[in-house]
Structure formats: structure tokens, C-alpha cells
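Structure at a glance
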2 protein chains.
Amino acid sequence: MGDFDRPDWSGRLRRVWRTPPADVSALVVSSPANIKYLSGFDGSAGLLLTSPDRTWLLVDGRYDRSARLSRAAGQLADVEIATLTGSVERLLSTLISDVGSGSVGFEAHHVTVATLRSWERTCVERTFVATANWIERLRIIKERTELIAIRRACAVTSDIARELGRWLREGRTEREIAWDIDEAMRRAGVTRPAFETIVASGPNSALPHARPTDRQLQRGDLVVLDFGGVLDGYCGDLTRMAGVGEVTAEARGLFEAVRAAQVAALAAVRAEAPVFEVDAAARRVLSTHGFGDAILHATGHGLGLEVHEAPRLGRRSESSDRVGEPSEREMDRLAAGMVCTIEPGAYVEGVGGVRLEDDVVVTDEGCEVLTEAPRDLLLV
Amino acid sequence: MGDFDRPDWSGRLRRVWRTPPADVSALVVSSPANIKYLSGFDGSAGLLLTSPDRTWLLVDGRYDRSARLSRAAGQLADVEIATLTGSVERLLSTLISDVGSGSVGFEAHHVTVATLRSWERTCVERTFVATANWIERLRIIKERTELIAIRRACAVTSDIARELGRWLREGRTEREIAWDIDEAMRRAGVTRPAFETIVASGPNSALPHARPTDRQLQRGDLVVLDFGGVLDGYCGDLTRMAGVGEVTAEARGLFEAVRAAQVAALAAVRAEAPVFEVDAAARRVLSTHGFGDAILHATGHGLGLEVHEAPRLGRRSESSDRVGEPSEREMDRLAAGMVCTIEPGAYVEGVGGVRLEDDVVVTDEGCEVLTEAPRDLLLV
């Protein structure tokens, strides 16, 4: 990554403190993606303690040297590096005594109850205050340098999508095909797959989150192919559909319904649109085609440093329809510069499942699709 | 997996309730590894609610069908499947009303502050009580079927270790070699790598958690090769060392010191030994050789469904020396049937880093090494 597209970490750290909650003089950042966004650090363990004046990266011995080297090379924000010698709580307590006198924010969606209790036991002079989506709200609108990285990740992912026909044929297993996709991504220069590549054929296609198995493709199968690459830390995420030999009229009808639902959802995307309206647009089309009961997930999700991030394009009424995901009601309207997937799906036992997924950047007038690869049912 | 080695989920669920905390009549299990251990479910999102009489798996629409299919096929415990229609909290609240009248345990190390608050807001009739390591304590001693799976994962990983010489030569990049290792693991039938394969050469070898880069191997490099495969859900984890051409006498000395430290640590492993004594045995040897300041991580960790689990073989005084890891003081003595890594390392700027890692099962007399592959410095 050249100097020209180095993230503006200091600008991001300043924006953290533009409108802090009342009486909060520091924030402990725990989410790895938030830490990476604010500092460039992407080790497997670390904490960021930020205040209006000073910011520290807390690491343990495994990362001390690499963090210092990265900072010297300009791959890390100009933060202070604090390395554990004893416990995390004690180090945190020492550093906290150097920041303002207000309370200390923590990320309630990323800190476990046990961790908070250990901090509270040790840092007794301060009150910890739960915060939600503080950094996520900054991340939701992508900067120019981020859009460059996302465009590249989506372009590489789309290139692979155009090659899918090479790997699909009757008798090959889901696992073999998934491996071919992963290998092609790697040859194209991606750092890693953004998630475990999904190749789900025949009955497995009716399971939205199937893992690749040793099942061989058979004539008549619908095949869901869902994958994406990470480049410079940012994710692409795309789903295309194939059919083996001839597919039944029913399967073809399911495909056409999902395709129409995706067109409708894409047409509903624009700055200021409530996120649930995009979801509703897809659901209306699927329901009209008789597949209202076949919808098993929301229509899309934000995309960036994480493959699933805000906003969430789901139903209006849902506080959360996924186990483990927090509500994102605060981020319920699209805005220019958001990046999200549009991926309606319908899943029918005995017929199969269809999902079509593209990545878009929201604009004032609508959206720009970043994953340009044919959306037809690829017959192999 | 044949019937004969199907995990004894019902036995495990019974053991959960053998000695519950006072007045706790149900437990919400959030840790994916704990859920998998108790039920066989390995989707990306789910909760298990267990009581002495009934156990439910809570999933969302994405997993409803696959969970039912898995249960019918005997790949899931005979639990009740509860699928979300509204929010998680509401479903949990409904189910909780069907279990005893005591309080409800939750896993304090796996539940975020935000999640606990949302449960407490909705399930107002019940008190939630923090629990720590309830299921981890069961998992720490491996059952016969688990040891079979771990032995296989370790055997496959060791087979790859014996082939390392094929991929290492001057001019090849860390990334290319990591890919070769991953491909070989896949051809050997592993489900996935247990973690991102580490190939760290020359100066990068001095960084304990380096990611593979485009750096080419050069004469004189030390090369750390750390990888492992997952088979039937269980992990292998092994580190071997190579040298490119001739290495300096200093690098050779570092290697010999780490090797001696590993021998000493292995000799300290036996049922009833305090975990910190194993760590101390390795540290003593490294200190004797003048590398006391070059130790950047603990000597080992438990291995099983997770690549890092209890017990932790670190220093006595540490409540935790890794950011994000809870204390495991309760599990500070080895016992027969535990499986752990023994992986002392020493890292010296300007010389490089050396780590040697094997997986062992603890026995009454000592331990049995599961990763049999040459430990010599592989000169390529």
C-alpha cells in the first residue's frame, strides 16, 4: 500500500471525539475491526485506549515488536504502544489514571461480562459506561481510500465469478469446487477468503448456510456459490447460481423469482431510504411469486473491514432475527457512501435454494454495483 | 463418522447437571465450542438452553432445516429445536418459563454486556447468574472418542511436517509455502486449517505471530513453520523449524536452547503437576542459555475442539498475560486425559526466532506425544 492511500488514522481518532457521550473522557476499544479502523493494528489480540489527547495500543509480548516495526513503517497509527508485563486490568488501570477525570466508555457489544467485571475490580477509581456502535457509526460511511480497497476486493471476486464454469461439472464434489474457488482467489492476490466459501448443491442448496461436503454434483441440481476475497483488509462478497444439466421448471421459476427480487431490492437502494424498505421490496416480489415462506434471512448487510457489519437490511419489526446479533436500529437509514450486499434468497425443500448477491455503494440517486459478473443461471 | 464413535451427548448433558451451582435451574450456553460439545451443533450462530430435564437448541431461520436434518441423521444430540420467529430475547424468555424456578446461569466469558442486558430486560421474572468455565471444566478431560479424533488430527498434521522439505527452498515466498502446507492438509482430508498457517522467515521469525508475507527465503534464514489441521472437529497444532543453507552459530545456539527447553517441559508433564511448573521448566532452560528475555509467550495451551483452550501452561503469577484471555486458575493442575501443546519459543532481534511445538496427552506417569515428526533443524 503506497503512502497515497494510507488510511487517515489521526482524522478517524479525531472524529471519535467530535461528539462523545456526556462526561466520558476515554474509550476502551475492544472490537478487532474497530481497533484496526482506528489504528491499523490487526493482530489477534489487543485493546485500544483512546482519549481526546492520547491513544494507546495495548498488546502482549507476542505483538510488542511487530507493533513497533509496523508503526515505524507507517503501517500503524502514531499511537503509544503499551505492552503487558502483568495483567491487562493492571495496565489498563495505570493508563486510565493518565486520561481526564470523567468515566470510561467500553463497547457493550464487544466486551464480555467477565472482562468488564475484571476491569471494574481493578480500575476502582473510574466508572465504566456502556457505549454502543460508537465506532461502527463512523465506519458505516466509507472513505475514499476504503472505497478503493472495497472496489478492488469486489473486482477480484467478480473475476472469479466469471470463471465458475471451469470448475463446475457433474460428478465433482462441493468441496473440490470450493477449493478451486479459494485457489483462484489466492492466485488473484487476495489475502484470504472473507469467509468459508459456500458451494451447496441439490438438497444442500436449500440450506442457506451449508458447508461444502463431499456430495457430487448431479444432473438437475441447483448450486449456490457464495464467496469473496479480502484485499488490503476489505471484503468482497458475492453469490451466483448454477444448474447442472437441465433444472426443473420449478427450480427455474424459483431462480427467476429471486432474480426479480434482487432487481427490486437494488432499485430500492438510495440515500435516505430506510433499510427495511429495501428488504420489503425483495420480500414483496418473492411473496408475489408464492415464495413468501421460503425467505430465511435478511436481504443484505453492510460490508467493509468485516464481511457482516452495519447497516443490516432486514425487516422493520426485528430487533434482531439472528442469534447473537445486536439491534442496529440507530443505523436504519441508508446514506451515500455506505457499502452493502443485496442478497435476497428463497429456499424450498425438494426444489432447492436460490440466492443472488451483489455488493453496492449507496449514492444519492441510487447505488453503484461493485460486483459485475453475469447473474444468469449458469448451466453446466 | 460411524455410530461407534458418535459423541455421548446425553452423557455430557447429564454431567452438566451433576454439581450445578446452588439454586441454578438452567444454563444458557453461548460459546460455540461448548454448544458443539454438548449438542453437536456447529453452525455459526445458536444458543443452547439446558436444564436437568430439557435442553433446547435455539437457531434462526438459516439453520432450522439443517439442524432438523442433522438431528434425524444422528449428527445432533436429541435436543428440542426452537427456531426464532421474533427476537432471541423473547424466545429465550418463553423457554425459560418452562424450566425450574431457580436462577438462570450464563457464561460470563462468552456473553457480552449488551447481550446480558437485553436478556435481563426481556426475561424479567428470572435472575441471571454469571458462571465461569462450567462446560470448559468438562471439556478439559478428553473422552475416548475425542482422543481418537485428536490422534487423527495430530497424525495428519505430523505427516505434513515430514514433507516440509519439499516446499522450502531459497527464493520461495512465505505465502507460497503456507499455501503448499494448506493444500497438503486439504489433500490429506482435513476439514480446514485449525488457524492461519504461519511461515515466518529471517527477521519475521522473531515475531511470534507473524502472518505469511511475500518475503522470499534467503540463505541464513531461520524459518518457523506452525500449522495444524482440523479433523472431525478436533485440532492438531505443530511447529517445526528450518534453516536455509547454513545458519549462524548464534541461530544454531538458539535452536538448541529451545530444543532443550522443550525436552525439559515435556519431562515436567504428568498428572497432578501444576501447569506453571511445566512453563517454569522451559523458562529455566532458556534462562540458563541466556535467553530469559527472549521468551514472549506461555509454554503451551490445551487443545481440542478449539485450538486454544484450557488448560493454559503459563507463569504462576499471571492472572492473564494475554489481552482478552480470562484467568484459568481453577484449572491449574494437569490431569490424565488432558491434551495440550508444549511449545517453548525464544525470539531475538537480529538472530531470529525459534519455536518447537508438539501435542501431548497427559498420563499418570508423564505424557504421550501425539505429533511424531523429526524435530531437528531442517536444513534446506
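Residues numbered from 1 in each chain as written. Chains lettered and ligands numbered in written order. Predicted model: local features only at pLDDT ≥ 70, side-chain atom pairs only at ≥ 80, totals over all residues. Heavy atoms only, no water.

Structural notes on the overall build of chain A
Stated precisely, the cut-off is as follows: In DSSP terms, a helix is any run of H or I states spanning at least four residues, a strand is any run of E spanning at least two, and both are numbered starting from the N terminus. Under the scheme applied here, a residue whose accessible area is under 20% of the maximum for its type counts as buried, over 50% as exposed, and between as partly exposed, the area being computed with a 1.4 Å probe on protein chains only. Residues are treated as being in contact if the distance between any of their heavy atoms lies within 4.5 Å. For the accessible areas, the method is Shrake-Rupley and the probe is 1.4 Å, while residue cover comes only from the protein chains on display. Positive charge is attributed to Lys and Arg, negative charge to Asp and Glu, and no charge count is given to His or to the chain ends. Working definition for charges: the position is that of NZ of Lys, CZ of Arg, CG of Asp or CD of Glu.
Check the secondary structure of chain A and you find 10 helices and 20 strands. Seen through its principal axes, chain A has C-alpha atoms that stretch 70 × 40 × 40 Å. Expressed as a percentage of the 380 residues in chain A, the buried residues total 62%. Nonlocal contacts in chain A, meaning residues at least 24 apart in sequence, comprise 68% of its contacts between residues at least 6 apart. Of the roughly 14,900 Å² of accessible surface on chain A, a fraction of 48% belongs to carbon and sulfur atoms. Computed over 46 positive and 57 negative side-chain charges, the separation of the two mean positions in chain A equals 2 Å.

Quick look at the pattern of salt bridges
The following threshold applies: The rule for a salt bridge is simple: a side-chain nitrogen of Lys or Arg has to be within 4 Å of a carboxyl oxygen of Asp or Glu.
Scanning all chains against the criterion turns up 60 salt bridges over all chains. Glu368 of chain B is the salt-bridge partner of Arg151 of chain B, the closest N and O atoms lying 2.7 Å from each other. With a gap of 217 residues between them, Arg151 of chain B in helix H7 (residues 144-162) and Glu368 of chain B in strand E19 (residues 367-369) connect regions that are remote in the sequence. Each member of the salt-bridge network shares a partner with another, and the members are Lys36 and Asp42 of chain A together with Glu196 and Arg211 of chain B.

Considering the sheet that holds strand E10 (residues 229-231) of chain A
Across a sheet, paired strands are connected by hydrogen bonds in the backbone, their directions being either parallel or antiparallel. Residue and element names in this part refer to chain A. To keep things clear, this is the line we draw: Two strands pair if DSSP finds at least two bridges between them.
The strand order across the open sheet formed by 3 strands is E7-E10-E11, and the pairing between neighbours is antiparallel. Unpaired on one side and paired on the other, strand E7 (192-193) and strand E11 (234-235) mark the two borders of the sheet. As paired strands, E7 and E10 are joined by 2 bridges and run antiparallel to one another. Directly across from Pro193, in E10, lies its bridge partner Gly229.

Details of the interface of chain B and chain A
The parts lose accessible area when they come together, and the size of an interface is often stated as this lost area. The line we're drawing: By buried area we mean the combined loss of accessible area, with a 1.4 Å probe, across both parts when two parts are placed together. As used in this structure description, the phrase polar contact means that two N or O atoms lie within 3.5 Å; if the pair is within protein, one of them must be able to donate a hydrogen and the other to accept it, and residues adjacent in sequence are counted only when both atoms belong to side chains. Residues are sorted three ways: Asp, Glu, Lys and Arg are charged, Ala, Val, Leu, Ile, Met, Phe, Trp, Tyr, Cys and Pro are nonpolar, and all the rest, Gly among them, are polar.
In this complex, chain B contributes 53 residues to the contact, which on the side of chain A involves 53 residues. Interface area, chain B with chain A, both sides summed: about 4,400 Å², of which 58% is carbon and sulfur. In this structure, the connection of chain B to chain A is made through 4 salt bridges. Asp42 of chain B serves as the salt-bridge partner of Arg211 of chain A, at 3.0 Å between the closest nitrogen and oxygen. Counting the contacts that link chain B with chain A gives 12 residue pairs in polar contact (both at pLDDT 80 or more). Residues of the side of chain B that touches chain A, tallied by class, amount to 23 nonpolar, 15 polar and 15 charged.

Some remarks on the relation of the copies chain B and chain A
Just so we agree on the cut-off: The atoms used to superpose the copies are C-alpha atoms, taken from residues with pLDDT of at least 70 in both, and the fit is least squares.
Once turned by 180° and shifted 0.0 Å along the axis, chain B lies on chain A with an RMSD of 0.0 Å. Such a combination of turn and shift is consistent with a two-fold rotation axis. When C-alpha distances to the rotation axis are compared across chain B, the minimum falls at Thr112 of chain B, with a value of 2.0 Å. Interface residue correspondence from chain B to chain A reaches 100%, placing this contact among same-surface, isologous pairings.

Quick notes on the sheet that holds strand E20 (residues 378-379) of chain B
Taken in spatial order, the 4 strands make up an open sheet running E8-E9-E12-E20 (chain B), and their pairing is mixed. In the strand order of this sheet, the two ends are held by strand E8 (198-201) and E20 of chain B, each with one partner.

Focus: the environment of Pro193 of chain A
Inspection of the secondary structure puts Pro193 of chain A in strand E7. Setting aside its immediate chain neighbours within four residues, Pro193 of chain A contacts Asp182, Met185, Gly228 and Val230 of chain A.

Remarks on the confidence of the model for chain A
Residues and elements named next belong to chain A. Put simply, the test is: Residue-level confidence of the predictor is summarised by pLDDT, bounded by 0 at the bottom and 100 at the top.
Averaged over every residue, the pLDDT of chain A is 93; residues scoring 70 or more account for 95%. The low-confidence segment residues 319-327 (pLDDT under 50) makes 33 contacts with residues lying over four places distant or belonging to another chain. If you check the scores for this complex, the pTM reads 0.91 and the ipTM reads 0.90.

Some details on helix H10 (residues 275-288) of chain A
Residues and elements named next belong to chain A. The condition is simple: Under the convention used throughout, the expected extent of a helix is 1.5 Å for every residue step, that is, one less than its residue count.
With 14 residues, H10 extends 21 Å from end C-alpha to end C-alpha; this agrees with the ideal 20 Å at 1.5 Å per step. Residues of H10 that are buried include every one of Val275, Phe276, Val278, Asp279, Ala281, Ala282, Arg283, Val285 and Leu286, and no others. Elements in contact with the buried residues of H10: helix H9 (249-268), strand E14 (309-313), strand E15 (339-342) and strand E16 (345-348). Downstream of H10 by a residue or two, Gly290 has a phi angle that is positive, lying close to 85°.

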